[in-house]
Amino acid sequence: MTSAAHPDLLDRVRSRLAEQGAEPTAARVADVLRSEGRLIGDSAVLDVVDALRRDIVGAGPLDALLRVEGVTDVLVNGPDAVYIDSGRGLQPTEVRFADDAAVRRLAQRLASTAGRRLDDASPYVDVRLRDGTRFHAVLAPLARPGTCLSLRVPARRTLTVDDLTAGALVDAAGAELLLGIVASKAAFIISGGTGSGKTTLLAALLSYVDPRERIVIVEDASELRPRHGHVVSLESRQANVEGIGEIPLRDLVRQALRMRPDRLVVGEVRGAEVVDMLAAMNTGHEGGCGTVHANSARDVPARLEALGVAAGLSRDAVHSQIAAALDVVIHLHRGADGVRRVGEVSTVERQTSGLVEVLPAVSFGVDGRPSTAGGSRRLEHLLVRHGR
């Protein structure tokens with residue numbers, strides 16, 4: 001940053017332009033600088049103009065990072081720590097903010113573009129920006145070491161199975177197995193941690209659904225864009241600044257069932273919508289699928305149980321629904337090298353106790369090569385039962 005674009009000077013210029021209701025053009029900035037007693041050259045004026053425009057347009061100093069090919073996440077931990085994730089773990093960048101006030105201004109401006117309030121009375125926000133970017137912010141002092149921003153970049157294109165194998169997510173044999181699950185119309189859940197590639201894999205697999213089938217996708221924030229000729233997407237809506245207008249995911253799942261879906265897809269299951277999704281999969285809607293946060297495939301029943309019980313179902317009812325509705329769990333994880341991979345494909349079994357258990361069928365090593373496990377015979381029966 002040049003001396004002409006010092007934070008204190010920028011704040012004064014910004015305030016003066018705001019009082020005038022003026023855009024930061026070179027002529028107006030030069031006038032303000034002269035009124036401040038600053039005589040600087042044309043290049044310095046342009047530096048100030050560029051700095052102000054970055055501060056009021058797009059994502060400011062983060063814009064360049066958001067445009068980098070392959071970047072999925074941009075994270076800001078206060079003014080001096082900005083990270084990106086390109087699929088191989090978090091990496092620090094050289095981007096810095098002048099101070100926490102600059103991070104706060106950016107956060108408030110991005111929130112306001114989505115019609116949300118962000119201030120000391122409402123110090124956190126989770127919204128989707130106009131370009132599809134998922135934006136979350138928590139203001140200091142709630143967040144330390146300063147205001148924290150998280151931006152999830154929407155996929156620029158939907159990957160193919162060849163892309164997944166080239167990126168080491170799975171090998172050719174594993175990809176063939178996953179496509180077999182999709183073609184068989186078995187109901188499946190993709191599980192994994194944050195940033196493990198669940199949405200990326202689901203979008204890729206949905207692209208291989210029979211083109212004669214209608215896919216209806218329900219999401220909290222629209223991210224799934226499969227390469228398929230018949231896709232309808234429904235997106236939930238948060239309440240506006242007056243606290244009205246909310247449309248929850250559960251309501252949209254119910255609407256989706258009235259839209260004659262051949263495949264009902266819930267982008268991320270994380271609330272009461274699990275009840276309607278499992279009910280739909282258990283009432284003739286084959287091939288339903290979605291994603292869920294879980295530490296392992298074995299933890300998926302417990303995760304769905306927690307969501308279902310919170311929504312009002314009994315534990316036994318949740319497990320009965322899971323057993324009747326869900327066939328396969330595909331689990332993703334990040335290796336020690338930061339690379340996202342398919343860890344295992346598991347089947348869903350109901351035990352004599354009535355509870356559901358997930359049995360590993362095929363496990364994938366670091367090289368992506370599959371090896372069969374105890375649930376492999378059950379998986380073969382599922383694929384045969386569903387016509388594969």
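Here the structure is a predicted model, which is why all the values come from computation and not from measurement.

Colleague: Outline the sheet that holds strand β3 (residues 90-92), supporting the account with residue identities and numerical values.
Modeller: Read from one edge to the other, the open sheet built from 6 strands follows the order β3-β2-β1-β6-β5-β4, with strand pairing classed as antiparallel. Each edge of the sheet is formed by a strand with only one pairing partner; in this case those strands are β3 and β4 (124-128). Within the sheet, the average angular offset between the axes of one strand and its neighbour, ignoring direction, is 15°. In terms of strand pairing, strand β5 (residues 134-138) meets strand β6 (residues 148-152) through 5 bridges, oriented antiparallel.

Colleague: Which residues make up the pattern of salt bridges, and what values do they have?
Modeller: All chains considered together, the criterion is met by 18 salt bridges. In this structure, the salt-bridge partner of R134 is D126, at a minimum N-O distance of 2.9 Å. Linking E213 and K185 is a salt bridge whose minimum nitrogen-to-oxygen distance equals 3.6 Å. With E213 in the loop between α8 (198-206) and β8 (215-219) and K185 in the loop between α7 (172-184) and β7 (188-192), this residue pair connects regions lying 28 residues apart in the sequence. Judged by relative accessible area, K185 falls into the partly exposed class, the value being 26%. It is possible to trace a salt-bridge network through shared partners that takes in D126, R134, D220 and R270.

Colleague: Give me the layout of surface pockets: which residues, what numbers.
Modeller: The space that makes up the largest pocket amounts to roughly 1500 Å³. Residue lining of the largest pocket: 50 residues in total, with T72, R152, G197, T200 and R340 positioned closest to the centre. Elements with a contribution of two residues or more to the lining of the largest pocket: β1 (73-77), β5, β6, α6 (161-166), α8 and β11 (289-293). The leading source of residues in the lining of the largest pocket is α8, at 4 residues.

Colleague: Tell me about unusual backbone geometry, residues and numbers included.
Modeller: Of note, the amide linkage connecting A140 to P141 takes the cis form, showing an omega dihedral of 10°. Locating P141 in the fold gives a position in the loop between β5 and β6. Across the junction of R144 and P145, the peptide omega takes the value 15°, indicating a cis bond. Along the chain, the position of P145 falls in the loop between β5 and β6. The phi torsion at K185 lies on the positive side, around 65°, for a residue other than glycine.

Colleague: Let's hear about helix α11 (residues 300-310): which residues, and what values?
Modeller: Three or more residues of α11 are buried, namely V300, P301, L304, E305, L307 and G308. In this structure, the buried side of α11 is in contact with β7, α10 (273-281), β11, α12 (315-325), β12 (328-334) and β14 (356-364). Among the residues trailing α11, G312 stands out with phi positive, at a value near 115°.

Colleague: Would you mind going over the environment of A203 in detail, with residue names and values included?
Modeller: In this fold, A203 is placed in helix α8. Spatially, the C-alpha atoms of A203 and A155 are 9.7 Å apart, while their sequence positions differ by 48 residues. With residues near it in sequence (within four places) discarded, A203 still touches T158, L224, R225 and P226.

Colleague: A description of the packing of α11 against α12 should follow, citing residues and the corresponding values.
Modeller: Running from N to C, α11 and α12 cross one another at 125°; their axes reach a closest spacing of 9 Å. Taken together, the axes of α11 and α12 lie oblique to each other. Once α11 is placed against α12, the crossing between them reads as right-handed. On α12, the residues touching P301, L304, E305, G308 and V309 of α11 are R315, V318, H319 and I322. When its residues are assigned to classes, the contact of α11 with α12 shows 5 nonpolar, 2 polar and 2 charged.

What counts and what doesn't
Residues numbered from 1 in each chain as written. Predicted model: local features only at pLDDT ≥ 70, side-chain atom pairs only at ≥ 80, totals over all residues. Heavy atoms only, no water. Pairing = 2+ DSSP bridges. Helix = DSSP H or I, 4+ residues; strand = E, 2+ residues; numbered from the N terminus. Axes fitted to C-alpha atoms, helices over the stretch in contact; angles between N-to-C directions. Salt bridge = Lys/Arg side-chain N within 4 Å of Asp/Glu carboxyl O. Buried < 20%, exposed > 50% of the residue type's maximum accessible area, 1.4 Å probe, protein only. 1 Å grid on protein atoms, 1.4 Å probe; cavity = no way out; pocket = protein on both sides within 12 Å on 5 of 7 lines; lining within 4 Å. Points joined across faces, edges and corners; volume = space filled by probe spheres on them. Contact = heavy atoms within 4.5 Å. Parallel < 35°, antiparallel > 145°, perpendicular 65-115°, else oblique. Left-handed = near helix turned anticlockwise from the far one by under 90°. Nonpolar A, V, L, I, M, F, W, Y, C, P; charged D, E, K, R; others polar.

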